[in-house]
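Structure at a glance
Listed here are the chains, written in short residue letters.
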Amino acid sequence: MNRGARIAIAGLLGAGLGGVLSAAVYLLMTILDGSATAEAMAFSVFFGIGGAVAGLVLGIIVGALNLGLVGGSIAGLLATGAGIAAYVFAYGGPDRYGYFLSESSILLLVCTVPLIVTGVGVAALNRRLRRPRSTPPAGS
C-alpha cells in the first residue's frame, strides 16, 4: 500500500477510535458520577468530537512517522498534553493559567487512556499495512 493511502487510513481510524473512546469514557464517568442522562450524553458528544479531532491528528502523525506501538502510546500521551495546553492557553490569561490548569483535570481523566489506546491501535494497523503482501508460489 502506498504511503499516502496508509496515512489517510491511519487518520480515519484515529478519528474513529479517538472519538468513540473519548465519548464512551466521558459518558461512563458521568453516569457513574450520577449526572443527568441528557447532560451526560450531550457533553459526551462534545468530548467525542474533540477526541475525533485529536485522534485524526494523532493517526496522521503515527502513519506519517511510521511509529511503532511504543511510539503510538507516547504520541497519544503527548496529544493529551497538547490538548490540555491548548485549553489552558485558549481560555486562561497570564494571571489565570493555574486555575485553568486545575480545571483541565477532566481532560486528563477523559482523554489520556482513549488517546493512548488510539495511538497504539493506529500503530498496530500501520504496521500491518506496511508489511509487503506475500505472493503465492508459481504453479499453486
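In this report, the structure presented in the accompanying data block is examined. Small disclaimer: the values here were computed from a predicted structure and weren't measured. (Residues numbered from 1 in each chain as written. Predicted model: local features only at pLDDT ≥ 70, side-chain atom pairs only at ≥ 80, totals over all residues. Heavy atoms only, no water.)

**Structural notes on the overall build of the protein**
Secondary structure assignment for the protein yields 5 helices and 0 strands. Along its sequence from the N terminus, the protein presents helices and strands in the succession α-α-α-α-α. Taking the principal axes of its C-alpha atoms as reference, the protein extends roughly 70 × 35 × 20 Å. Within the protein, the proportion of its 140 residues that are buried is 31%. Entry remark: accessible area of the protein is about 8300 Å², with carbon and sulfur atoms responsible for 71%. Averaging the positions of the 8 positive and the 4 negative side-chain charges in the protein gives two centres separated by 36 Å. (Helix = DSSP H or I, 4+ residues; strand = E, 2+ residues; numbered from the N terminus. Buried < 20%, exposed > 50% of the residue type's maximum accessible area, 1.4 Å probe, protein only. Areas by Shrake-Rupley, 256 points an atom, 1.4 Å probe, with all protein chains shown as cover. Lys, Arg positive; Asp, Glu negative; His and termini not counted. Charge placed at Lys NZ, Arg CZ, Asp CG, Glu CD.)

**A closer look at unusual backbone geometry**
With a phi angle near 50°, Asn 66 is a residue other than glycine that sits in the positive phi range. Look at Asn 66 and you get partly exposed, because its relative accessible area is 31%.

**Some details on helix α3 (residues 69–91)**
Look at α3: 33 Å from first C-alpha to last across 23 residues, which is about the 33 Å you get at 1.5 Å a residue. Listed as buried for α3 are Gly 72, Ala 75, Gly 76, Thr 80, Ile 84 and Val 88. On the buried face of α3, the contacting elements are α2 (37–65), α4 (97–103) and α5 (105–130). (Expected span 1.5 Å × (residues − 1). Contact = heavy atoms within 4.5 Å.)

**A look at the packing of helix α1 (residues 3–33) against α2**
Contact geometry for α1 and α2: axes closest at 6 Å, N-to-C directions at 150°. By the angle class used here, α1 and α2 are roughly antiparallel. Once α1 is placed against α2, the crossing between them reads as right-handed. Looking at the contact of α1 with α2 residue by residue, the class counts come to 15 nonpolar, 12 polar and 2 charged. (Axes fitted to C-alpha atoms, helices over the stretch in contact; angles between N-to-C directions. Parallel < 35°, antiparallel > 145°, perpendicular 65-115°, else oblique. Left-handed = near helix turned anticlockwise from the far one by under 90°. Nonpolar A, V, L, I, M, F, W, Y, C, P; charged D, E, K, R; others polar.)

**Here's the deal with the nonpolar core**
A general feature of soluble globular proteins is that nonpolar side chains tend to end up buried together. Core analysis: the biggest nonpolar cluster contains 15 residues, and Phe 47, Leu 58, Val 62, Leu 107, Val 110 and Cys 111 have the highest contact counts within it. Breaking this core down by element, the ones donating at least two residues are α1, α2, α3 and α5. The element contributing the most residues to this core is α5, with 6 residues. In contact with Val 62, not counting residues within four places along its chain, are Leu 67, Gly 72, Ala 75, Gly 119, Val 122, Ala 123 and Asn 126. (Core = buried A, V, L, I, M, F, W, Y, C linked by side-chain atoms within 4.5 Å.)

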